[in-house]
Amino acid sequence: KFYITTKLSNPHYMPEVCIKTTIINFTVTMSGLEDQLLVDVINNERPDLEERNAKLVVSIARDQKTLKEIEDKILYMLANASGNILDDEDLINALDESKKTSTAIKARLEDAEVTRKEIAETW
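Here is a short report on the structure shown in this document. (Residues numbered from 1 in each chain as written. Predicted model: local features only at pLDDT ≥ 70, side-chain atom pairs only at ≥ 80, totals over all residues. Heavy atoms only, no water.)

Here we come to the overall build of the chain. The secondary structure content of the chain amounts to four helices and zero strands. The helix and strand sequence of the chain, counted from the amino end, reads α-α-α-α. Each principal axis of the C-alpha distribution contributes one length, and for the chain these read about 60 × 35 × 25 Å. Out of the 123 residues in the chain, the part that is buried amounts to 17%. Long-range pairs, those at least 24 residues apart, make up 68% of the contacts in the chain between residues at least 6 apart in sequence. Where the 16 positive side-chain charges of the chain centre and where its 23 negative ones centre are 4 Å apart. (Helix = DSSP H or I, 4+ residues; strand = E, 2+ residues; numbered from the N terminus. Buried < 20%, exposed > 50% of the residue type's maximum accessible area, 1.4 Å probe, protein only. Contact = heavy atoms within 4.5 Å. Lys, Arg positive; Asp, Glu negative; His and termini not counted. Charge placed at Lys NZ, Arg CZ, Asp CG, Glu CD.)

Structure, rendered in structure tokens:
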């Protein structure tokens, strides 16, 4: 077993780390403790729901990272554009890619919300 401690009051870990580890926060509120216990119960009773929710969290994090990279690329292209920006084919393609990615993220967020509601209704 591997244990890590920190003096940070609210440490932030990537979703991939949170899914593969057990994080114990000794400064938990009552509602936070209920959520953690609910996750453990769901994990034992309905692992399919928890697995689906974990996959959604990872895919949303990956999509948001991709969207951030696309936004940075668009801002860089806008800052370095010369002439009419409507004639810049690369910029138009980057904007289109950003729109498709944001639509995919929105669909995954809606799916995650449905999964959370299903978990709440189950218990």
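Across soluble globular proteins, you tend to see nonpolar side chains buried next to one another. Among the nonpolar cores identified, the biggest contains five residues, and these are Ile-70, Ile-74, Met-77, Leu-91 and Ala-94. Only α3 (47-79) and α4 (89-122) provide two or more residues apiece to this core. Sorting elements by how many residues they give to this core places α3 first, with three residues. Excluding residues that lie within four positions of it along the chain, Met-77 makes contacts with Asp-88, Asp-90, Leu-91 and Ala-94. (Core = buried A, V, L, I, M, F, W, Y, C linked by side-chain atoms within 4.5 Å.)

That is the geometry; function is a separate question.
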